[in-house]
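Residue-level listing of the chains:
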Amino acid sequence: MNLVFLGPPGAGKGTQALGVSEKYSIPHISTGDILRSEIKRGTKLGLEAKSYMDAGGLVPDEVVIGIVASRLQEADCQKGFLFDGFPRTIRQAEALAEKTTIEMAVNIDVPDEAIVNRLSGRRVCKACGATYHVDTFKGDVCSSCGGELIRRADDEPETILNRLHVYHEQTQPLIDFYGGRGVLVNVDGTKDIDTVFAEICRKLEEAFGA
Ligand code: AP5
């Protein structure tokens, strides 16, 4: 199962990817998580990426394509994978197509109005990366590992608006890119988390008999 998840920032790609990765035993590869881990470790790559990410812009294509190319060679990707947050530009999608075949692109559709609330209320565990929302989780610490919950640096209102602008300009065209290849599946991301998950699983079962 070679999958990519598309959708605006805050559509629920990461939330859904966790469950799909676990259910179908394929690695969840989030370029955002990889870049944040590089920043945390203070690497050269992390330092370069940070300024773009903090401003809500995209990290240059060649940097991200390089990360993905080496990740795809790892043993756990040989039976499939789920990309979350990659590709994000036509250039990235073309580079991915040169390396592997994408069998399904799941587009999680959520209107801009809902995104600002979702991202400004998101909290993530500093230790394990688990994601919560202040409307549905009232605790102060991560329920999985007890880690501190923080707001992501790019979840400030002004940065969210820039991320949405960048999404519409550079990433949304991928809906037509994958639609033209006959592998696009649209899912209504405004429903609750369990309903969206069930819908994605239904589409996967239709396509893969999984
Ligand atoms: P990245 O980490 O990929 O961020 P993003 O795509 O902006 O997506 P998010 O992680 O913000 O949202 P999500 O869709 O995963 O939603 P989530 O599940 O968390 O990228 C960050 C930055 O890294 C980029 O801006 C860029 O600079 C750089 N970068 C990364 N990849 C790159 C690439 N390929 N090229 C260049 N640069 C790259 O959910 C959000 C909130 O909503 C949570 O609080 C959650 O609990 C809640 N929620 C989820 N689903 C639902 C639901 N159904 N109903 C109600 N609430 C929900």
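Residues numbered from 1 in each chain as written. Predicted model: local features only at pLDDT ≥ 70, side-chain atom pairs only at ≥ 80, totals over all residues. Heavy atoms only, no water.

Draft legend 1. Up close: the nonpolar core. Val4, Phe83, Leu96 and Tyr178 are the most contacted members of the largest nonpolar core, which totals 28 residues. Elements with a contribution of two residues or more to this core: strand E1 (2-6), helix H3 (44-55), helix H4 (61-72), strand E3 (81-84), helix H5 (90-99) and helix H8 (173-180). In terms of residue count, H4 provides more of this core than any other element does, six residues in total. Excluding anything up to four places from it in sequence, Val4 contacts Phe83, Phe86, Pro87, Leu96, Ile102, Met104, Ala105, Val106 and Tyr178. (Core = buried A, V, L, I, M, F, W, Y, C linked by side-chain atoms within 4.5 Å. Buried < 20%, exposed > 50% of the residue type's maximum accessible area, 1.4 Å probe, protein only. Helix = DSSP H or I, 4+ residues; strand = E, 2+ residues; numbered from the N terminus. Contact = heavy atoms within 4.5 Å.)

Draft legend 2. Spatial organisation of the packing of aromatic side chains. Applying the stated criterion to the full structure yields four aromatic pairs. Their ring planes at 80° and their centres at 5.0 Å tell us that Phe177 and Tyr178 sit as a pair that is edge-to-face. In terms of burial, Phe177 and Tyr178 fall into one category: buried. Through successive ring pairs, a cluster of aromatic residues spans Phe81, Phe83 and Phe86. Over the ring of Phe177 we find Arg181; its NZ or CZ atom is 3.6 Å from the centre of that ring. (Phe/Tyr/Trp six-rings, centres within 6.5 Å; stacked < 30°, edge-to-face > 60°. Lys NZ or Arg CZ within 6 Å of the ring centre and 35° of its normal.)

Draft legend 3. Quick peek at unusual backbone geometry. Residues Phe86 and Pro87 are joined by a peptide bond in cis, for which omega reads -5°. Residue position: Pro87 is located in the loop between E3 and H5. Phi at Ser25 is positive, roughly 55°, even though this residue is not glycine. Within the secondary structure layout, Ser25 lies in the loop between helix H1 (13-24) and strand E2 (28-30). On the basis of relative accessibility, which here comes to 63%, the residue Ser25 falls in the exposed class.

Draft legend 4. Molecular detail of the pairing of strand E5 (residues 122-125). Pairing analysis gives three bridges linking E5 to strand E6 (residues 131-133), with the strands arranged antiparallel. Each bridged residue has a counterpart across the sheet, and for Val124 the counterpart in E6 is Thr131. Counting the residues between successive antiparallel strands, the hairpin from E5 to E6 contains five residues, one of them, Gly129, with a positive phi of roughly 85°. Pairing of E5 with strand E7 (residues 149-150) involves two bridges; the strand directions are antiparallel. Its bridge partner lying in E7, Cys125 is registered against Leu149. (Pairing = 2+ DSSP bridges.)

Draft legend 5. Fine view of the sheet that holds E7. The strand order E6-E5-E7 describes an open sheet built from three strands, whose pairing is antiparallel. Pairing within the sheet leaves two strands with one partner each, and these edge strands are E6 and E7. Packing against the sheet, helix H6 (residues 112-120) makes contact with E5 and E6, and its axis sits at approximately 40° to E5. (Axes fitted to C-alpha atoms, helices over the stretch in contact; angles between N-to-C directions.)

Draft legend 6. Representation of the sheet that holds strand E8 (residues 184-188) in the model. One open sheet accounts for five strands, arranged E2-E3-E1-E4-E8; its pairing is parallel. The open sheet has two edge strands with one neighbour each: E2 and E8. On average, adjacent strands in this sheet sit at an angle of 20° to one another, irrespective of strand direction. Judged from the four bridges that link them, E1 and E3 form a sheet pairing that is parallel. Its bridge partner being in E3, Asn2 is matched across the sheet by Phe81.

Draft legend 7. Inspection of the site of the ligand at higher detail. Taken together, 34 residues surround the ligand, and among them Thr15, Gly57, Arg88, Arg122 and Arg163 come closest. Contacts to the ligand include Gly14, whose backbone N or O atom sits 2.8 Å from an oxygen atom. Here Thr15 contributes a side-chain N or O atom positioned 2.5 Å from an oxygen atom of the ligand. Only H1, helix H2 (31-41), H6 and E6 provide two or more residues apiece to the shell around the ligand. (Near = heavy atom within 4 Å. Polar contact = N/O pair within 3.5 Å; in protein donor to acceptor, adjacent residues only side chain to side chain.)

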